[in-house]
Amino acid sequence: MTTAAGPTRPRRSDTTRAAILRAARERFAADGYERATIRGIAADARIDPSMVMRYYGSKEGLFAAAAEFDLRLPDLTAVPPGQLGVALVRHFLTRWEGDETLVALLRAASTNPGAAERMRGIFADQLTVAVATFGTDPATTARRAGLVASQILGLAFTRYIVRLPPMVDADAEELVAWIAPTLQRYLTGTARV
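Everything numeric in this text was worked out from a predicted model, so none of it was measured. (Residues numbered from 1 in each chain as written. Predicted model: local features only at pLDDT ≥ 70, side-chain atom pairs only at ≥ 80, totals over all residues. Heavy atoms only, no water.)

Attention shifts here to the pattern of salt bridges. As enumerated under the stated definition, the model contains 4 salt bridges in all. Among the ionic pairs, Asp-44 bridges to Arg-27, the shortest N-O distance being 2.7 Å. On the criterion of sequence distance, the pair formed by Asp-44 in helix H2 (residues 38–45) and Arg-27 in helix H1 (residues 12–35) is long-range, its members being 17 residues apart. The exposure class assigned to Asp-44 is partly exposed, which follows from its relative accessible area of 38%. We classify Arg-27 as partly exposed; its relative accessible area is 23%. (Salt bridge = Lys/Arg side-chain N within 4 Å of Asp/Glu carboxyl O. Helix = DSSP H or I, 4+ residues; strand = E, 2+ residues; numbered from the N terminus. Buried < 20%, exposed > 50% of the residue type's maximum accessible area, 1.4 Å probe, protein only.)

Rendered as C-alpha cells:
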C-alpha cells in the first residue's frame, strides 16, 4: 500500500489476524475441528490465546473465518435436465461424507452467527451460480437455490450432526430416491399456490 506520504505498513492487527487464520487453517486441516484447540492454534501463530479470542470470540467463530470450502458442484449444464435432482443429491452426499470440514462448519453454524454467515455465503455464492447455469428464470434462481439448500442442509443436519437413526441407517441410493424428486421440482418445476 502507498499513500501520498509513501508506503504504509500493514497494521499489526492485520498481521496478527493473518497469522491466526493461517495457523487455524493448518491446525483444523491436521487435527479436525474437534481436536483443534485455541491454545494449539495460538502457539502455532506465536501469540497469546487471548488474542485469538479477542479477534474471533470463540473456536466456532475462528473456524467460520478460517473455513475455505468449495462445494465442487458439478457442471449442471452437462447433466440431463431430468437428472438434476439426482446429480445434486449424489454430489452432496459424497461431499458431506468425504470432508469433515463442511460437517464441522454446519455444526458451528447452528450455534455461532459468524459460522452461520459463512455457511450462508458458501451456499448463496456457489449454489446460486450453479443453479443459474442451466437457464432458470433469473427472477427465481435465488429462491430455487435456497430451496435446494434447505433440503441439502436439512439432510446433512439430520444425518451428520443430530445423527437421526433413520437418516444415518439409510444408504446413499435410498436417500437419492427420496430427496432427488424434491430437488428436481425445486430446480425445474413451478410454484403452485
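Here the focus is the side chain of Ser-58. Along the chain, Ser-58 turns up in the loop between helix H3 (49–56) and helix H4 (59–66). Apart from the residues within four sequence positions on either side, Ser-58 is in contact with Ile-38, Met-53 and Asn-112. (Contact = heavy atoms within 4.5 Å.)

Another point: the packing of aromatic side chains. Using the criterion set out here, one finds 3 aromatic pairs in the structure. Ring centres of Phe-28 and Phe-63 lie 4.9 Å apart, and the angle between their planes is 90 degrees; this geometry places the pair in the edge-to-face category. Of the two residues, Phe-28 sits in helix H1 while Phe-63 sits in helix H4, which places them 35 residues apart along the sequence. Classification of Phe-28 by relative accessible area gives buried; the value is 9%. Judged by its relative accessible area of 3%, Phe-63 falls in the buried class. Ring centres of Phe-92 and Phe-123 lie 5.9 Å apart, and the angle between their planes is 15 degrees; on these two criteria the pair is classed as stacked. Taken together, the positions of Phe-92 in helix H5 (residues 84–98) and Phe-123 in helix H7 (residues 113–132) put the pair 31 residues apart, joining distant regions of the chain. With relative accessibility at 0%, the residue Phe-92 sits in the buried group. (Phe/Tyr/Trp six-rings, centres within 6.5 Å; stacked < 30°, edge-to-face > 60°.)

Note that an α-helix has 3.6 residues per turn; residues three or four places apart therefore point the same way. The terminal C-alpha atoms of H5, which comprises 15 residues, lie 21 Å apart, in line with the 21 Å expected from a rise of 1.5 Å per residue. When we look at burial in H5, the residues that qualify are Leu-84, Gly-85, Val-86, Leu-88, Val-89, His-91, Phe-92, Leu-93, Arg-95 and Trp-96. Those residues of H5 that are buried lie in contact with helix H6 (100–109), H7, helix H8 (138–161) and helix H10 (172–188). (Expected span 1.5 Å × (residues − 1).)

With that settled, consider the environment of Ala-43. Structurally, Ala-43 can be placed in helix H2. Judged by its relative accessible area of 53%, Ala-43 is exposed. Residues Ala-43 and Ile-20, spaced 23 residues apart in sequence, show a C-alpha to C-alpha distance of 9.6 Å.

Right, let's get into unusual backbone geometry. The phi dihedral of Arg-46 is positive, around 60 degrees, even though this residue is not glycine. Topologically, Arg-46 is positioned in the loop between H2 and H3. A relative accessible area of 79% means that Arg-46 is categorised as exposed. The backbone of Arg-72 sits at a positive phi, close to 50 degrees, despite the residue not being glycine. Within the secondary structure, Arg-72 sits in the loop between H4 and H5.

For the pair H5 and H10, interaxial distance at closest approach is 7 Å and the crossing angle is 130 degrees. The angle between the axes of H5 and H10 places the two elements in the oblique class. Note that H5 runs across H10; the crossing there is right-handed. Across the interface between the two elements, Leu-84, Gly-85, Val-86, Leu-88, Val-89, Arg-90 and Leu-93 from H5 touch Ala-172, Glu-173, Leu-175, Val-176, Ile-179, Ala-180, Leu-183, Gln-184, Leu-187 and Thr-188 from H10. Looking at the contact of H5 with H10 residue by residue, the class counts come to 12 nonpolar, 3 polar and 2 charged. (Axes fitted to C-alpha atoms, helices over the stretch in contact; angles between N-to-C directions. Parallel < 35°, antiparallel > 145°, perpendicular 65-115°, else oblique. Left-handed = near helix turned anticlockwise from the far one by under 90°. Nonpolar A, V, L, I, M, F, W, Y, C, P; charged D, E, K, R; others polar.)

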